[in-house]
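Structural overview for review
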Amino acid sequence: MARRKSLAGQLLQVYQERQKAKAAAAKRAEAELARQAREAERVAAARAREDARREREAAQAWSRAQKEKQALQSADARRAEQIVRDLEKRDAARAKELEQKRRAEAREKAAAERLAKQEAVEGMRREASERTAEVEERLKALSSVLRSRPGGLHQLRLEAERAFGEGDLEGFAVGVEEALGSVSYPEGLGGARRVAFAPEARELVLEMELPGQVVVPSVAQYRFKASAPPAVVPQPRKEAETKVLYRDLVARLALRAIDEAFAVTPPALVDQVAFNGKVRAKDRATGKAIEPCLISVRVNREGFSELVLDEPELDPVASLHHLNAIVSQHPYDLEPVRPVVSFDLSRYKIAPERDVVAGLDSRPDLVAMDPTDFEHLIRRLFEKIGLKSWVTQASRDDGIDAVAVNEEPLIGGLCIIQAKRTKNVVSAETVRAVAGLVVDKGASKGIVVTTAWFGKASWDFAPRNRVELIDGRHLKSLLLEHLGIDALIGLSKLPPN
């Protein structure tokens, strides 16, 4: 029993031991779990502490980084501020320098402008003075045009005399015209000249183109005007003064031209000069070109030599009146005068004078006369009547046998003469042709002289067309009255009536 108990006991003991072992194992497991839990807690705590430490370190590092960042930012800000201050100082210095430079440039510009203004003012003053001096110099040239005549004009006679010695009347006129054209005049005063020569009257006809009114300065002087803006202002010349100066000028030019005409022609050939001074202009009323004659005079060499042209106190207008010249009272207004010679002899071929009267018999037969002698006889007749007349050359005379001038101021003018030495009636066509020449040549009338008679158509036509007819019967009476020639007209039959 004791043995069996032992087995049970043993079994119990084994069981108990096993239970104890289980309990111990459980206890150990629990202790292990607790230990593990404690270890886990310790590890967790350690981790927590480590995390906390890391967080603190991270926070500290972040704080340090922030501080460093702030420090860097502060340093950058200070540097930036310093840079900004430096830039501002530099900009301020540059601005100041630019301002000083601008002010210096402004001062220089103002000084330059003042200098330029002063120079401009001085230049304008000089310009006013110079332009005034030019006006005075021009007036001096105008007033001295008569006294400043060139010398040595007698040397220009030779070619003209040579041409006349060869019988070339046209060459003589051309030579005189060229000689006069070679004489120098102040600018704007030397106009064109036309010359004709009448050897039987020993007269030179001179037509000269006078300058227009514009040659007289319309400005009296120039003055500087200081008001803004400054300028050189012309001071107009008084119209009355301008007119007096122009009238004086054309008188001086006329006297000088006549003096030069006498100087370049030999006294043996030219005893008197007929001068016409004309000016080319525009009619203010119509706008058409006109050529009014402002001065006209006929003067002989002896009468002209009485003038002392170099005398400073000589009054040229009074001198022209002394020479009985016809002078426009208002030349500045282009008021024309009637010329003493109102035609251009250069349009006619003038033949040398022939004295046929001295060689005629007591009762010459006009029909039997030489044609040229008959023309010269007619010329002498009209001279005795009171006209100045010339015979034209036979060639290219346009059917004109002679020209004559009536110098009566109101009814005078150029006359074209055709002399018909014939035994038969003068045709009406001849009379009409003379009327056409009157119009073409600008003559005042035409005269047809014949040894025969005219038909009714001619007598009807002539009075209406400025043509005068002189038949044989009238011619005989004129020759007897004025030349003392009791002429015969040997016609084969008597005229009608």
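Remember, it's a predicted structure, so these values are computed and weren't measured experimentally.

With that settled, the discussion passes to the overall build of the protein. Broken down by element type, the protein carries 10 helices and 14 strands. For the protein, with 497 residues in total, the buried portion stands at 36%. Excluding contacts between residues fewer than 6 apart, the proportion of contacts in the protein whose partners are at least 24 apart in sequence is 66%. Accessible surface for the protein amounts to roughly 29300 Å². Of this, 52% is attributable to carbon and sulfur atoms.

The subject of this paragraph is the sheet that holds strand E9 (residues 326–327). Hydrogen bonds between backbone groups are what pair the strands of a sheet, and the pairing can be parallel or antiparallel. Ordered by their spatial adjacency, 5 strands build an open sheet running E1-E2-E5-E8-E9, and the pairing between neighbours is mixed. With one partner strand each, in any of the chains shown, strand E1 (193–198) and E9 form the two edges of the open sheet. Pairing geometry for strand E2 (residues 203–210) and strand E5 (residues 272–279), over 8 bridges, is parallel. Paired with Leu206 across the strands is Phe275, a residue of E5.

On to the nonpolar core, then. Of all hydrophobic cores here, the largest spans 53 residues; its most connected members are Phe275 and Phe304. Within the residue set of this core, elements represented by two or more residues are helix H3 (169–181), E1, E2, helix H4 (239–263), E5, strand E8 (293–300) and helix H6 (316–322). Apart from residues no more than four positions distant in its own chain, Phe304 is found in contact with Leu255, Ile258, Asp259, Phe262, Val299, Leu309 and Leu323. If you look at the next biggest cluster of nonpolar residues, it comprises 22 residues, including Phe374, Ile378, Ile417 and Val449.

Turning our eyes to something else, we now look at the packing of aromatic side chains. Inspection of every chain in the model, using the stated rule, returns 2 aromatic pairs. An angle of 85° between the planes, with centres 5.6 Å apart, marks the rings of Phe454 and Trp459 as edge-to-face. Among the residues examined, Phe454 registers a relative accessible area of 6% and is labelled buried. Arg256 extends its terminal NZ or CZ atom over the ring of Tyr185, reaching a point 3.8 Å from the ring centre. Looking at Arg432, its charged tip hangs above the ring of Phe461, at a distance of 5.5 Å from the centre.

What follows covers the pairing of E5. Residues in a regular strand point their side chains to alternate faces of the sheet. Among the 8 residues in E5, 8 count as buried, and that is most of the element. In E5, alternate side chains face the same way, and those of Gln272, Ala274, Asn276 and Lys278 on one face and Val273, Phe275, Gly277 and Val279 on the other are all buried.

Of note, Arg256 is situated in helix H4. A relative accessible area of 1% means that Arg256 is categorised as buried. A polar contact is formed between the side chain of Arg256 and the side chain of Tyr185, at a distance of 3.4 Å. Contacts of Arg256, omitting those with residues within four sequence positions, involve Val145, Leu146, Ser148, Arg149, Pro150, Val183, Ser184, Tyr185 and Pro186.

It is worth spelling out the packing of helix H7 (residues 371–385) against helix H10 (residues 472–482) at this point. Running from N to C, H7 and H10 point in directions that differ by 60°, and their axes come no closer than 10 Å. The angle between the axes of H7 and H10 places the two elements in the oblique class. As for how H7 packs across H10, the hand of that crossing is left-handed. Of H10, the residues touching H7 (which contributes Phe374, Leu377, Ile378, Leu381, Lys384 and Ile385) are Leu475, Leu478, Leu479 and His482. Classifying every residue of the contact of H7 with H10 by side-chain character gives 8 nonpolar, 1 polar and 1 charged.

Mapped onto the elements, Val317 comes out in helix H6. Sequence separation of Val317 and Asp248 is 69 residues, and the distance between their C-alpha atoms is 6.3 Å.

Time to look at the confidence of the model for the protein. A low pLDDT means the predicted coordinates there should not be read in detail. Per-residue confidence for the protein gives a mean pLDDT of 80; residues scoring 70 or more make up 85%. When pLDDT is averaged over each element of the protein, strand E14 (residues 467–470) comes out on top at 92 and helix H2 (residues 157–165) at the bottom at 59. Below pLDDT 50 for its whole length, residues 345–351 participates in 37 contacts with residues either more than four positions away or in separate chains. Across residues 393–397, confidence stays below pLDDT 50; counting only partners more than four residues off in sequence or on other chains, it has 6 contacts.

Turning our attention to H10. When H10 is considered as a whole, its buried residues turn out to be Gly472, Leu475, Leu478 and Leu479. Angularly, the buried residues of H10 cover 120° about the axis, an arc narrow enough to put them on a single face. Looking at H10, the residues exposed on the side facing more than 90 degrees away from the buried face are Arg473 and Glu481. As for H10, its buried residues are in contact with H7, strand E13 (445–450) and E14. Immediately downstream of H10, the backbone of Gly484 shows phi near 70°, a positive value.

What counts and what doesn't
- Residues numbered from 1 in each chain as written.
- Predicted model: local features only at pLDDT ≥ 70, side-chain atom pairs only at ≥ 80, totals over all residues.
- Heavy atoms only, no water.
- Helix = DSSP H or I, 4+ residues; strand = E, 2+ residues; numbered from the N terminus.
- Buried < 20%, exposed > 50% of the residue type's maximum accessible area, 1.4 Å probe, protein only.
- Contact = heavy atoms within 4.5 Å.
- Areas by Shrake-Rupley, 256 points an atom, 1.4 Å probe, with all protein chains shown as cover.
- Pairing = 2+ DSSP bridges.
- Core = buried A, V, L, I, M, F, W, Y, C linked by side-chain atoms within 4.5 Å.
- Phe/Tyr/Trp six-rings, centres within 6.5 Å; stacked < 30°, edge-to-face > 60°.
- Lys NZ or Arg CZ within 6 Å of the ring centre and 35° of its normal.
- Polar contact = N/O pair within 3.5 Å; in protein donor to acceptor, adjacent residues only side chain to side chain.
- Axes fitted to C-alpha atoms, helices over the stretch in contact; angles between N-to-C directions.
- Parallel < 35°, antiparallel > 145°, perpendicular 65-115°, else oblique.
- Left-handed = near helix turned anticlockwise from the far one by under 90°.
- Nonpolar A, V, L, I, M, F, W, Y, C, P; charged D, E, K, R; others polar.
- pLDDT = per-residue confidence, 0-100.
- Arc of directions from axis to C-beta.

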